[in-house]
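# Observations on the three-dimensional arrangement
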Amino acid sequence: AAADYIRENTSTGTVVICNWVHGHFFAFMAERPVNFDGRLAYIETTPWRGADYPLDPRVPGVYREYWQDRALATSDPVLSAEILSMLASSGDDAYLEVLKNENDPATSAIILGDVLGVKRGERADYLIERYGFHDGTAKKVESILNRKSDYVLVTYDRLIDKGYWILYYGSWNFTGKTEGPLYSTGTITSLAPLRSSDGLVYDGGSVKFNGVNVSRLYLVNGTPRIIEGDPDSDIVAFALLQRNRTVILQRKYEGSMFVRLVLLGDGGGVFRAVMRSGDVTVWEPIHEEKTK
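All of the points below concern the structure found in this document. (Residues numbered from 1 in each chain as written. Predicted model: local features only at pLDDT ≥ 70, side-chain atom pairs only at ≥ 80, totals over all residues. Heavy atoms only, no water.)

We now examine a nonpolar patch on the surface. Residues Phe25, Phe28 and Met29 make up a contiguous nonpolar surface patch of roughly 330 Å² in combined accessible area. If you trace the backbone, Phe28 turns up in helix H2 (residues 23-29). (Patch = residues over 30% accessible without salt bridge, like charges linked within 9 Å, V, L, I, M, F, W, Y side chains within 5 Å. Areas by Shrake-Rupley, 256 points an atom, 1.4 Å probe, with all protein chains shown as cover. Salt bridge = Lys/Arg side-chain N within 4 Å of Asp/Glu carboxyl O. Helix = DSSP H or I, 4+ residues; strand = E, 2+ residues; numbered from the N terminus.)

Next comes the structure, spelled out in structure tokens:
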């Protein structure tokens, strides 16, 4: 149903941003370009992408997954939309241009993530003043980031099971060890009191996860009802009542786009749901004018 909607209601150049396992499906069924597909998704295919490969053998690399996960792990809705706009309009071009200048993957990712948060029209000056880029290189990066392409984002409930890895890779620490996030999922085993298979308990008073106090519990059934718990706790809980699922994560991810799109489904103010079918939602950006 999502593929039918995209094929019938979007322009032919609209890019479908989805989990890589569905890339081939949407490319065929929706007849639209995709940001990721199974044939090119793995960095392990690099040895087979030689000089005669029809595309740049560096494309896509692990950084493609990083940027997509970063768009969901961030709590900045505008940054999320800017990242997805970059992937849809220019793929890895901006990252590779910064990499050519810096010759260091980690530094390049940090710089690009930083400049994506800068207002359009000011990015070249920022690269020159903040990072010492030459004028020509800075303007080329800005020009790449100014490209626009229509795109849609597809989310679905199975992303709940991938949430740990989305938050882990999307919050990658390029200067030290990356700490794995607290992330747990369960099924609802009773409603009065609310209990989950992985240890969430709400008895109408306190909210606990395996005996540990919870900061806030979201009871999601349409508009979420919020139960305040221990303000000093670092744990937030979500009970997705219609989906019979629970999710536990750290407070720093409470406002993440993963939560806004996958768990709450409210779009974070920069995406609107244009189609829902079962557990699948098709989103389009609303913070900028669509290209024709």
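Having put the structure on the table, let's press on.
Another aspect to go through is the environment of Val214. Within the fold, Val214 resides in the loop between strand S7 (212-213) and strand S8 (216-220). Separated by 23 residues in the primary sequence, Val214 and Ala237 have C-alpha atoms spaced 7.0 Å apart. With residues up to four places along the chain from it excluded, the contact list for Val214 reads Val207, Lys208, Phe209, Gly229, Asp230, Ser233, Ile235, Val236 and Ala237. (Contact = heavy atoms within 4.5 Å.)

Two side chains with opposite charge may pair up if their charged atoms get near one another. If you walk through the whole model with that rule in mind, you get 16 salt bridges. With a shortest N-O distance of 3.2 Å, Glu82 and Arg120 are connected by a salt bridge. Note that Glu82 is positioned in helix H4 (residues 77-90) and Arg120 in the loop between helix H6 (105-115) and helix H7 (123-131), a separation of 38 residues in sequence. A network of salt bridges, in which partner residues are shared, links Asp4, Arg7 and Glu8.

Let us now look at the sheet that holds strand S3 (residues 183-191). Within a sheet, neighbouring strands are paired by backbone hydrogen bonds and run either parallel or antiparallel to one another. Taken in spatial order, the nine strands make up an open sheet running S7-S6-S5-S4-S3-S11-S10-S8-S9, and their pairing is mixed. The open sheet terminates on both sides in strands that have one partner only, identified here as S7 and strand S9 (225-228). (Pairing = 2+ DSSP bridges.)

Taking burial as the measure, the five residues of S8 include five buried ones, the bulk of the element. Burial along S8 is two-sided: Arg216, Tyr218 and Val220 and Leu217 and Leu219, pointing in opposite directions, are all buried. Hairpin connection between S8 and S9: a loop of four residues separates the two successive antiparallel strands, and Gly222 in this loop has a positive phi of roughly 85°. Sheet analysis places S8 next to strand S10 (residues 235-240), joined by five bridges and oriented parallel. Looking at S10, one finds that Leu219 is bridged to Ala239. (Buried < 20%, exposed > 50% of the residue type's maximum accessible area, 1.4 Å probe, protein only.)

Moving on to helix H5 (residues 93-102). When we look at burial in H5, the residues that qualify are Ala94, Tyr95, Leu96, Glu97, Val98 and Leu99. Where H5 is buried, its residues meet helix H3 (62-73), H4, H6 and helix H8 (135-145). Of the residues flanking the end of H5, it is Asn103, one or two places downstream, whose phi is positive at about 60°.

Once that is clear, we can look at the nonpolar core. Judged by nonpolar contacts, the single largest core of 59 residues is most densely connected at Trp67, Leu112, Phe238, Leu249, Phe258, Leu263 and Phe271. The dominant element in this core, judged by the number of residues it contributes, is H4, at seven residues. Contacts of Trp67, omitting those with residues within four sequence positions, involve Ile83, Met86, Leu87, Tyr95, Ala109, Leu112, Gly113 and Leu116. Among the nonpolar cores identified, the runner-up in size contains 14 residues, and Ile188, Ile235, Ala237 and Ile248 belong to it. (Core = buried A, V, L, I, M, F, W, Y, C linked by side-chain atoms within 4.5 Å.)

Now for the pairing of strand S12 (residues 271-277). Strand direction decides the pairing type here: S12 and strand S13 (residues 280-285), joined by six bridges, are antiparallel. Bridging from a neighbouring strand, Arg276 pairs with Thr281 of S13. With antiparallel pairing between neighbouring strands as the criterion, S12 and S13 make up a hairpin whose turn holds two residues, including Gly278 at a positive phi of roughly 60°.

Further remarks concern the packing of aromatic side chains. Considering all chains together, one arrives at 14 aromatic pairs under this definition. Ring geometry for Tyr126 and Tyr131: centres 6.2 Å apart, planes at 70°, overall edge-to-face. Look at Tyr164 and Trp165: their rings are 4.8 Å apart centre to centre, the planes differ by 85°, and that puts the pair in the edge-to-face class. Of note, Arg130 hangs over the ring of Tyr131, and the distance from its end group to the ring centre comes to 4.7 Å. (Phe/Tyr/Trp six-rings, centres within 6.5 Å; stacked < 30°, edge-to-face > 60°. Lys NZ or Arg CZ within 6 Å of the ring centre and 35° of its normal.)

The next thing to look at is the packing of H7 against H8. Between H7 and H8, the shortest axis-to-axis distance is 8 Å and the interhelical angle comes to 140°. Comparing the axis directions of H7 and H8 gives the class oblique. As H7 runs across H8, the sense of the crossing is right-handed. In this structure, H7 contributes Arg123, Ala124, Leu127 and Ile128 to the contact, and H8 contributes Asp135, Ala138, Lys139, Val141, Glu142 and Leu145. Here the contact of H7 with H8 is built from residues that sort into six nonpolar, no polar and four charged. (Axes fitted to C-alpha atoms, helices over the stretch in contact; angles between N-to-C directions. Parallel < 35°, antiparallel > 145°, perpendicular 65-115°, else oblique. Left-handed = near helix turned anticlockwise from the far one by under 90°. Nonpolar A, V, L, I, M, F, W, Y, C, P; charged D, E, K, R; others polar.)

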